[in-house]
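Chain and residue survey
Below, each chain spelled out in residue letters.
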Amino acid sequence: MTSATAAGGPPTPAAPKSRKSVTGTRKSVAVLFLLPALVLLGALVVYPIGYSLIRSFYDQSGSGFAGFDNYEALFTDDGIRTALKNNIIWVVFAPTVATALGLIFAVLTERVRWGTAFKLVVFMPMAISMLAAGIIFRLVYDQDPDKGFANAVWVGIHDTFAESSAFPKAHPGRESPLVAQSGGFVTKEPVRSGEAVTLPLVGVAPDQMPDGAKAAAAPQADPGKITGTTWQDFTRGKGVGKLGGVDASEFGYPGMKIEAVKDGKVVASTEAAADGTFTLPASADGAQLRLPASNFKEPYNGLNWLGPSLVTPAIIGSYVWMWAGFAMVLIAAGLAGIPRELLEAARVDGATEWQVFRRVTVPLLAPVLAVVAVTLMINVLKIFDLVFIIAPGSSQDDANVLALELYRKGFSEDQPGIASAISVFLLLLVIPVMWFNIRRLRREVRR
């Protein structure tokens, strides 16, 4: 008991005790252990950021102060403006599509017997580096359907409904009775009943003729009808074969469509047999014979995925392929934490599965969806590898993004001041998104 207490006065407060570390470690020892990490942090993070900020205010040589000229170039240089526009497209679409697919996969795999195996397959692209993924999708988007998977599928679907011609290169040769018209060919003179007509063509190699093609047969006149032959008027070897005449080694054009046209109207039509012969009725008398353009339709080679108009959506597709699994895993973890009682209560109240998903599942997953979307936004702001590898040189300007433009300005065009300004600008874009993400994560921890 203190003297003040004995005298009836207020107790004298005791001296505050010094707070000890939870582990009992002295501050000096803690600082000693943190020092290497702080040195590395300063050398690898703080110094490069500070140096880039300072360098962004200097000219190309680094000796002259340029003020805000380098930052002005961010909004006046055509290449940087294209990159900025593409970055906006990336930020809007890539995280949205990847998050939506991740949500769908996470919800559906809960109802699939082999859900774990499916999740493993979807998540597997995350184990592939950006470099490898870029090489894979450079092949996937190849223009040649025999090499590129995307065009192989696209051409297969297209040809199911609109088959191309077997004779895209066929055309009249020398001294031919045919002339070009509207993508096809038409006879120079009208034909008459009882007349045998020859329609010779060239341009198709014998080994490229359809499998059903047979040796061409000379046309035989038939009174009251118009007969003829359309065939490949070419025989290998110098001086072999007769021009305009059917030779034994020459093939007919099976399936070639022939139309009889009078006054611009088709009065009769037919298709050539396997040996190239055809017959038209008497109504074709006085008409011109036409081989329509459909006979010479070029084969469909698919889409130019890496052309100027589709290159950015194509690369975004490859990014979604990689990161949808990441979104699925995080959303599935959030989905596992949803109380099943809420879902069952909604079903008992008569809600359909779609209503349960839209009114219960998605609102409860909103914090997780926000974290996933924001994390992907930060990631796409720095996208470089996929664009650099997938986009060919002819389309790289159209697919340009800020990180790629930073690389080009700094290393290809030797403009380190502008490159530093781009890096600072990217940092300024990332900081608000990171702050939002960290704030949301802290809010979740408090809960």
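Our structure is the block above this text.
The following refers to the structure shown.

Conventions we followed
Residues numbered from 1 in each chain as written. Predicted model: local features only at pLDDT ≥ 70, side-chain atom pairs only at ≥ 80, totals over all residues. Heavy atoms only, no water. Pairing = 2+ DSSP bridges. Helix = DSSP H or I, 4+ residues; strand = E, 2+ residues; numbered from the N terminus. Axes fitted to C-alpha atoms, helices over the stretch in contact; angles between N-to-C directions. Core = buried A, V, L, I, M, F, W, Y, C linked by side-chain atoms within 4.5 Å. Buried < 20%, exposed > 50% of the residue type's maximum accessible area, 1.4 Å probe, protein only. Contact = heavy atoms within 4.5 Å. Salt bridge = Lys/Arg side-chain N within 4 Å of Asp/Glu carboxyl O. Lys, Arg positive; Asp, Glu negative; His and termini not counted. Patch = residues over 30% accessible without salt bridge, like charges linked within 9 Å, V, L, I, M, F, W, Y side chains within 5 Å. Areas by Shrake-Rupley, 256 points an atom, 1.4 Å probe, with all protein chains shown as cover. Charge placed at Lys NZ, Arg CZ, Asp CG, Glu CD. Phe/Tyr/Trp six-rings, centres within 6.5 Å; stacked < 30°, edge-to-face > 60°.

With that settled, the discussion passes to the sheet that holds strand E7 (residues 277-280). The three strands lie next to each other as E3-E4-E7, forming an open sheet whose pairing is mixed. In this open sheet, the two strands that pair with only one neighbour each are strand E3 (196-201) and E7. In this sheet, adjacent strand axes meet at a mean angle of 25° when their direction is disregarded. Note: E3 against strand E4 (residues 226-232), six bridges, orientation parallel. Its bridge partner being in E4, Leu 201 is matched across the sheet by Gln 232.

Among the nonpolar cores identified, the biggest contains 49 residues, and Trp 90, Tyr 141, Ile 315, Tyr 319, Ile 331 and Leu 386 are the most heavily contacted of them. If one sorts the elements of this core by residue count, helix H8 (residues 311-336) sits on top with 15 residues. Filtering out sequence-adjacent residues up to four positions away, Tyr 319 remains in contact with Trp 90, Ala 94, Met 130, Leu 376, Asn 379, Val 380, Ile 383 and Leu 386. Formed by 25 residues, the second largest nonpolar core is a distinct cluster that contains Ala 170, Leu 178, Val 204 and Leu 291.

Another point: the pairing of strand E1 (residues 178-181). As paired strands, E1 and strand E2 (residues 184-187) are joined by four bridges and run antiparallel to one another. Across the sheet, residue Ala 180 finds its bridge partner in E2, namely Phe 185. Here E1 folds back onto E2, and the loop between the two strands holds two residues, one of which, Ser 182, carries a positive phi near 55°.

In the structure shown here, the tally under the stated rule is eleven salt bridges. Of the charged contacts in the structure, one is a salt bridge between Arg 81 and Asp 78, with a shortest N-O distance of 2.7 Å. On the criterion of helical spacing, the pair formed by Arg 81 and Asp 78 is a turn pair, its members being three residues apart in helix H4 (residues 78-109). Residue classification places Asp 78 among the exposed residues on the basis of a relative accessible area of 52%.

Within the secondary structure, Arg 55 is located in helix H2 (residues 27-55). One buried charged side chain, Arg 55, makes no salt bridge at all; its nearest oppositely charged neighbour is Asp 59, positioned 5.3 Å away. Filtering out sequence-adjacent residues up to four positions away, Arg 55 remains in contact with Gln 60, Ser 61, Gly 62, Asn 70, Pro 416, Gly 417 and Ser 420.

So, on to the sheet that holds strand E5 (residues 257-262). The strand order across the open sheet formed by five strands is E1-E2-E8-E5-E6, and the pairing between neighbours is antiparallel. Strands with a single pairing partner mark the edges of an open sheet, and in this sheet they are E1 and strand E6 (265-271). In this sheet, neighbouring strand axes are inclined to one another by 30° on average, regardless of whether the strands run parallel or antiparallel. In this sheet, strand E8 (residues 288-291) lies alongside E5 in antiparallel orientation, the contact comprising three bridges. Note on E8: the bridge partner recorded for Ala 260 is Leu 289.

Moving on to a positive patch on the surface. Taken together, the side chains of Arg 439, Arg 442, Arg 443 and Arg 446 make up a positively charged region of the molecular surface. Locating Arg 442 in the fold gives a position in helix H13 (residues 416-446). Arg 442 gets classed as exposed once you look at its relative accessible area, which sits at 55%.

Turning to its location among the elements, Lys 27 is positioned in helix H2. By relative accessible area, which is 74% here, Lys 27 ends up exposed. Linking Lys 27 and Tyr 71, residues 44 residues apart in sequence, is a C-alpha distance of 44 Å.

This part takes up the packing of aromatic side chains. Two numbers describe a pair of aromatic rings. These are the distance of the centres and the angle of the planes. If you walk through the whole model with that rule in mind, you get 22 aromatic pairs. Between Tyr 407 and Phe 411, the ring centres sit 5.4 Å apart and the planes meet at 35°, which makes this aromatic pair tilted. Linking Tyr 407 with Phe 411, this pair stays in helix H12 (residues 402-412), spanning four residues, or about one helical turn. Note on Tyr 407: relative accessible area 31%, which makes it partly exposed. An aromatic cluster is present here, built from Phe 57, Tyr 58, Phe 65, Phe 68 and Tyr 71 joined pairwise through their rings.

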